Every structure is written in structure tokens, then in C-alpha cells.
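Each chain is listed here by its residues.
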Amino acid sequence: VGAIMKKFLLFIVFLIIICLVGAQFVVPKYMESLVESEIDTSLQPSSQTVVIESTPAFKLVYGQADRVAGTLENVKLGKLNFSSFHYEANNIVINPISLIASHEVDVLSLGPSYVEGVVLEDDLKNFLLQNTEGLQDANVRINNDHITLTGTVNIMGSLKGQASLEGSLQLKDNVLSFAPSRFTVSGLTIAGITSQQLQPISIYDFNNFPVPVKAESVTVEKGEIHIKIKPVIN
């Protein structure tokens, strides 16, 4: 009887080990599928990758993850196309009740994290050309800290000429905008008309992002616009 009991206990230990090893692979994959499903629903990327890490993996059942990271391709926000999003979050705590009961990822807290959206120069040019009124046959030139739109204007038949609208990207009140700083027609600044053209052009309001975020910085480098945003836990 003692030998049988010993073999039975060894068998139970063996099953526990198998379950723990299996959980190390199965649970993260299950969590990754949940995150992918939520992102597909809210942002509709053309493709994405998600990696979830936790040691031991069984902590995920209790809503604790060491690291979540991923990449999204081709996301349309408002009228602007983002070529990609990269994100990483560490030390995440998820509501286990929501996870088990409704298979929803409800984040309660998280450690160091970031999200970075990338807009290609051509996509920003297309947006500005389609959303800047008054310029005909327009062209856009983007430098690291400066954007210039040039084209022709014909204002009520009385003012015609080559126009130039200069400005830069800005983040204000969680909104990404093109902020014009100078408008000229045939090299001249014209009162009244100039003030109308110097109103900011809203590109995307991050208050409408599917999850709460704070847009922190925007930079232009090597033909790409990089917008860094930070997740906010309510």
C-alpha cells in the first residue's frame, strides 16, 4: 500500500508540474488573444503583434502581468492614417473579475509605460492638403521643426497670387494641431485675411482615443512624425 501511495503522490506531483509548465505557455497566449481582440475592435489595425510576459505565468489568472508589448500597423484615427503604433507597459494589474466573468481587460494600475504613434510624411501632407481651405494646387514641405504649405489663392476675385502658409505641429489640450505662424500672398502680409488663415488646424484629438491617454510630445525626423502618448489610469 505504501508503494502504491508513493506512486500516486508522484503521479499527482507530475500532473501539477505538467499543469504549471502548460500554464506557462497557454495562459499568456489566451491573454494575448483577448488583448488582440479588444484592439481589433477599437482601433482596427491591418495587423498587430502582442507579447505578454509574466513569471510565473499563472499570475495572469489573478490579473498580474510583468510586461505587455506590441505593434499595430495602419491605424486610422479621425482623418489621419498612422502607419504604426508601438506600445509597452510594465507591472500591469488587471481586474480579475472582469477578466474571468466577461473576458474584458480592465486595467487597474500599471508601471512605466509608453505608446508611440508614427505618421508618415506623405500621410500628413495628404491630410493638410485636404483640410486647408483657400489654397489651390497646393504643395507641402515638412522639415524637422517647420511646415510650409504653398499654393495659389483667389479671394473673391480681388486678391490673387502665390500664397505661403508656414507653421509647426503642436500639442495643446491633448489635441495634435498644425499651428500656422505666418501667411503671405505674393510675399505680402495682408491684415484681416492673415488672421483668418492663422487659426490652428486640428489633426487629431487624443481625448477621443479608445483608452485614456495624454499626448506628451511630437517630433519630426527622417520623414516620420513621432507622437508619444502615455496611458492614463482613471
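One can find the structure itself at the top, above this paragraph.
Overview of the structure. Small disclaimer: the values here were computed from a predicted structure and weren't measured.

Cut-off values and rules
Residues numbered from 1 in each chain as written. Predicted model: local features only at pLDDT ≥ 70, side-chain atom pairs only at ≥ 80, totals over all residues. Heavy atoms only, no water. Buried < 20%, exposed > 50% of the residue type's maximum accessible area, 1.4 Å probe, protein only. Helix = DSSP H or I, 4+ residues; strand = E, 2+ residues; numbered from the N terminus. Pairing = 2+ DSSP bridges. Phe/Tyr/Trp six-rings, centres within 6.5 Å; stacked < 30°, edge-to-face > 60°. Salt bridge = Lys/Arg side-chain N within 4 Å of Asp/Glu carboxyl O.

1. Details of the pairing of strand β1 (residues 47-53)
Regular strands show a simple pattern: their side chains alternate between the two faces of the sheet.
At step 1: Here β1 shows a clear split, with Gln-48, Val-50 and Ile-52 buried on one side and none of Ser-47, Thr-49, Val-51 and Glu-53 buried on the other.
At step 2: In the sheet, β1 pairs with strand β2 (residues 64-77) via seven bridges, with the strands oriented antiparallel. Bridging from a neighbouring strand, Gln-48 pairs with Leu-72 of β2.

2. As for the packing of aromatic side chains
At step 1: On inspection of all chains with the given rule, the structure shows four aromatic pairs.
At step 2: Between Phe-82 and Phe-85, the ring centres sit 4.9 Å apart and the planes meet at 20°, which makes this aromatic pair stacked. In this structure, Phe-82 and Phe-85 share a single accessibility class: buried.
At step 3: On the numbers, 6.3 Å between centres and 40° between planes, the contact of Phe-206 with Phe-209 is tilted. Side by side, Phe-206 and Phe-209 carry an identical accessibility label, which is buried.
At step 4: Members of the aromatic cluster, each reached through a chain of ring pairs, are Phe-82, Phe-85, Tyr-204, Phe-206 and Phe-209.

3. Points about the pattern of salt bridges
At step 1: Going through the model one piece at a time under the given rule, you end up with six salt bridges.
At step 2: As a salt-bridge pair, Arg-67 and Glu-53 come within 3.3 Å of each other at their nearest N and O atoms. Placement of the pair is Arg-67 in strand β2 and Glu-53 in strand β1, with a sequence separation of 14 residues.
At step 3: Residue Glu-53 is classed as partly exposed on the basis of its relative accessible area of 38%.

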